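As a plain string of letters, each chain reads:
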Amino acid sequence: MSEVAWKCFRCDLSFRDEEVASLHKQISNHSVSKIKAIVS
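K.L.:
Any chance you could explain the overall build of the protein chain here in plain terms?
P.N.:
The number of helices and strands found in the protein chain is one helix and three strands. For the protein chain, the α and β elements follow one another from N to C terminus as β-β-α-β. With respect to the principal axes defined by its C-alpha atoms, the protein chain has extents near 30 × 20 × 10 Å. Going through the 40 residues of the protein chain one by one, you find that 20% of them count as buried.

K.L.:
Even after reading the chapter, I still don't get the side chain of Lys7, so can you show me in this structure?
P.N.:
For Lys7, the position within the fold is in strand β1 (residues 2-8). With a relative accessible area of 14%, Lys7 lands in the buried category. Polar contacts involving the side chain of Lys7 include one to the side chain of Asp12, which spans 2.8 Å. Each residue touching Lys7, except ones within four places of it in the same chain, is listed here: Asp12, Leu13, Ser14, Ser31, Val32, Ser33 and Ile35.

Rules used throughout
- For every chain, the first residue of the written sequence is number 1, and numbering continues from 1 along that sequence.
- Under the rules for a predicted model, residues below a pLDDT of 70 receive no local features and side-chain atom pairs below 80 are neither given nor counted, while totals for whole chains, interfaces and linings still include all residues.
- Side-chain figures throughout are based on the complete set of non-hydrogen atoms in the structure, without hydrogens or water.
- Helix and strand assignments come from DSSP, with helices taken as H or I runs of at least 4 residues and strands as E runs of at least 2, each series counted from the N terminus.
- Note on exposure labels: buried denotes an accessible area under 20% of the residue type's maximum, exposed denotes more than 50%, and partly exposed covers the range between, all computed with a 1.4 Å probe on protein chains only.
- For the purposes of these results, a polar contact is taken to be a pair of N or O atoms within 3.5 Å, where, inside protein, one atom must be able to donate a hydrogen and its partner to accept one; residues adjacent in sequence count only when each atom of the pair is a side-chain atom.
- The criterion used for residue contact is that any of the two residues' heavy atoms lie within 4.5 Å.

So this is what it looks like as structure tokens:
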């Protein structure tokens, strides 16, 4: 099973919630990429 997540490769952080990823982008001015996260 896979799920969508967002990742900041600069900080090496992953976010499951798009709103949190958006906040990180605004605060840090880092780009955030959409990825597929594997959920077990």
